[in-house]
Amino acid sequence: MLNIASKLSLAALLVGTINTAFAATTPAAAPAAATPAPATTAAPAAEDIAKYRHHIMETLGNMKTTIEFLLKGKVAANAGSIADQAKVMAMLTKNIPAMFPKGSTTHKSDAMPVIWEKWADFEKLAQDVATKADTLAKVAVAGNAADTEAKLKDLGAACKACHKDFRKDN
Ligand code: HEC
């Protein structure tokens, strides 16, 4: 199982990957005499951000599962710290809307176009998840397992609330 340090470096790696991907599409990377970026620039950017959020979302789902393993005592407590993992979830949920620039659907993406028609609702659900992840982290740091389990359930329900309205096949 990944320890928390490798998870953090995974998160850092993912952030680095997308930053590099965006940097590659900036005019600075183009030859000096090049004409302005063609309209097709939007397509690879949508691919990249959709891939990026896929990895972040998968990471969140995996971390929810690893915290459940720890809470249930299925693995030894020294295999990972619930509080550290909850803090990473809080960090990764801080700015979910930024991973959904307008129209960034691809043939592989499960993001529903209605996201950008009901953007305020989408942002509200994202904020709710960020707040609940913060609460989870605080309770996990305090160390009460029953409280932590309850807050993890609250968080999971908030994740699902967004998927229900805005992710395909839910
Ligand atoms: C504000 C809306 C929103 C919130 C909040 C949200 N998600 Fe998602 N999630 C999505 C959307 C939209 C997709 C599909 C993205 C795509 O395919 O482009 C998705 C995809 C996923 C996937 C599948 C991976 C993929 O991209 O196909 C997992 C796993 C997941 N989310 C877990 C979570 C967890 C766990 C939380 C809570 C900690 C969470 N999500 C919070 C909207 C949200």
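Bear in mind the structure is a predicted one, so any value in this text is a computation, not a measurement.

Turning next to the coordination of the iron atom of the ligand. Looking at the metal site, the iron atom of the ligand is ligated by Met57 (SD) and His163 (NE2), spaced 2.1 to 2.3 Å from it. In this structure, the iron atom of the ligand is surrounded by six donor atoms whose angles at the metal cover 84 to 179°, and the resulting shape is octahedral. One end of the pair, methionine 57, is in helix α2 (residues 42-71); the other, histidine 163, is in helix α5 (residues 145-166), and 106 residues separate them in sequence.

The next subject is the site of the ligand. Around the ligand, the structure places 22 residues, and the nearest of them are Met57, Ser109, Cys159, Cys162 and His163. At 2.5 Å from an oxygen atom of the ligand is found a side-chain nitrogen or oxygen belonging to serine 109. Those elements giving two or more residues to the shell around the ligand turn out to be α2, α4 (119-142) and α5. The element contributing the most residues to the shell around the ligand is α2, with six residues. Partitioned by chemical class, the residues of the shell around the ligand number 14 nonpolar, four polar and four charged.

Every α-helix carries 3.6 residues per turn, so stepping three or four residues along brings you back to the same face. The end-to-end C-alpha separation of α4 is 35 Å, in line with the 34 Å expected for 24 residues at 1.5 Å each. Looking one or two residues past α4, glycine 143 carries a phi angle of roughly 95°, positive in sign.

Relative to the assigned elements, arginine 53 resides in helix α2. Aspartate 110 provides the closest opposite charge to the buried, unpaired arginine 53, separated from it by 9.2 Å. In this structure the side chain of arginine 53 is engaged in a polar contact, spanning 3.0 Å, whose partner is the backbone oxygen of methionine 99. Leaving out residues up to four positions away in the same chain, arginine 53 has contacts with Met99, Phe100, Ser104, Thr105, Ser109 and Ala111.

As a further point, take the packing of α4 against α5. Two numbers describe how α4 lies on α5: the axes approach to 9 Å, and their chain directions differ by 165°. The orientation of α4 relative to α5 falls into the category roughly antiparallel. Considering only the axes of α4 and α5, their crossing is left-handed. Each of Asp121, Phe122, Leu125, Asp128, Val129, Lys132, Ala133, Thr135, Leu136, Val139 and Ala140 in α4 lies in contact with α5, whose residues at this interface are Asp147, Thr148, Lys151, Leu152, Asp154, Leu155, Ala158, Cys159, Ala161, Cys162, Asp165 and Phe166. A class-by-class count of the residues in the contact of α4 with α5 yields 14 nonpolar, two polar and seven charged.

Let's shift gears to the packing of helix α3 (residues 82-92) against α4. One way to put it is that α3 packs onto α4 with a least axis distance of 8 Å and a crossing angle of 165°. Considered as vectors, α3 and α4 are oriented roughly antiparallel to each other. The two elements α3 and α4 meet at a crossing, and its hand is left-handed. Contact with α3, carried on its side by Ile82, Ala83, Ala86, Lys87, Met89 and Ala90, involves Ala133, Asp134, Leu136, Ala137, Ala140 and Val141 of α4 and no other residues of that element. Split into classes, the residues belonging to the contact of α3 with α4 amount to 10 nonpolar, no polar and two charged.

Turning our attention to the packing of aromatic side chains. The full count for this structure, using the stated rule, is three aromatic pairs. An angle of 75° between the planes, with centres 4.9 Å apart, marks the rings of phenylalanine 100 and phenylalanine 122 as edge-to-face. Pair noted here: phenylalanine 100 is in the loop between α3 and α4 and phenylalanine 122 is in helix α4, with a separation of 22 residues, a long-range link. Under the relative-accessibility criterion, phenylalanine 100 is labelled buried at 8%. For phenylalanine 122, a relative accessible area of 2% puts it in the buried group. For the ring pair phenylalanine 122 and phenylalanine 166, a centre distance of 5.3 Å and an interplane angle of 85° mean the geometry is edge-to-face. Within this pair, whereas phenylalanine 122 is found in helix α4, its partner phenylalanine 166 is found in helix α5, the two being separated by 44 residues in sequence.

The rules behind these values
Residues numbered from 1 in each chain as written. Predicted model: local features only at pLDDT ≥ 70, side-chain atom pairs only at ≥ 80, totals over all residues. Heavy atoms only, no water. Donors = N, O, S within 2.8 Å, 3.2 Å for Na, K, Ca; no water. Tetrahedral: all angles 85-135°; square planar, octahedral: opposite > 155°, others 65-115°. Helix = DSSP H or I, 4+ residues; strand = E, 2+ residues; numbered from the N terminus. Near = heavy atom within 4 Å. Polar contact = N/O pair within 3.5 Å; in protein donor to acceptor, adjacent residues only side chain to side chain. Nonpolar A, V, L, I, M, F, W, Y, C, P; charged D, E, K, R; others polar. Expected span 1.5 Å × (residues − 1). Buried < 20%, exposed > 50% of the residue type's maximum accessible area, 1.4 Å probe, protein only. Lys, Arg positive; Asp, Glu negative; His and termini not counted. Salt bridge = Lys/Arg side-chain N within 4 Å of Asp/Glu carboxyl O. Contact = heavy atoms within 4.5 Å. Axes fitted to C-alpha atoms, helices over the stretch in contact; angles between N-to-C directions. Parallel < 35°, antiparallel > 145°, perpendicular 65-115°, else oblique. Left-handed = near helix turned anticlockwise from the far one by under 90°. Phe/Tyr/Trp six-rings, centres within 6.5 Å; stacked < 30°, edge-to-face > 60°.

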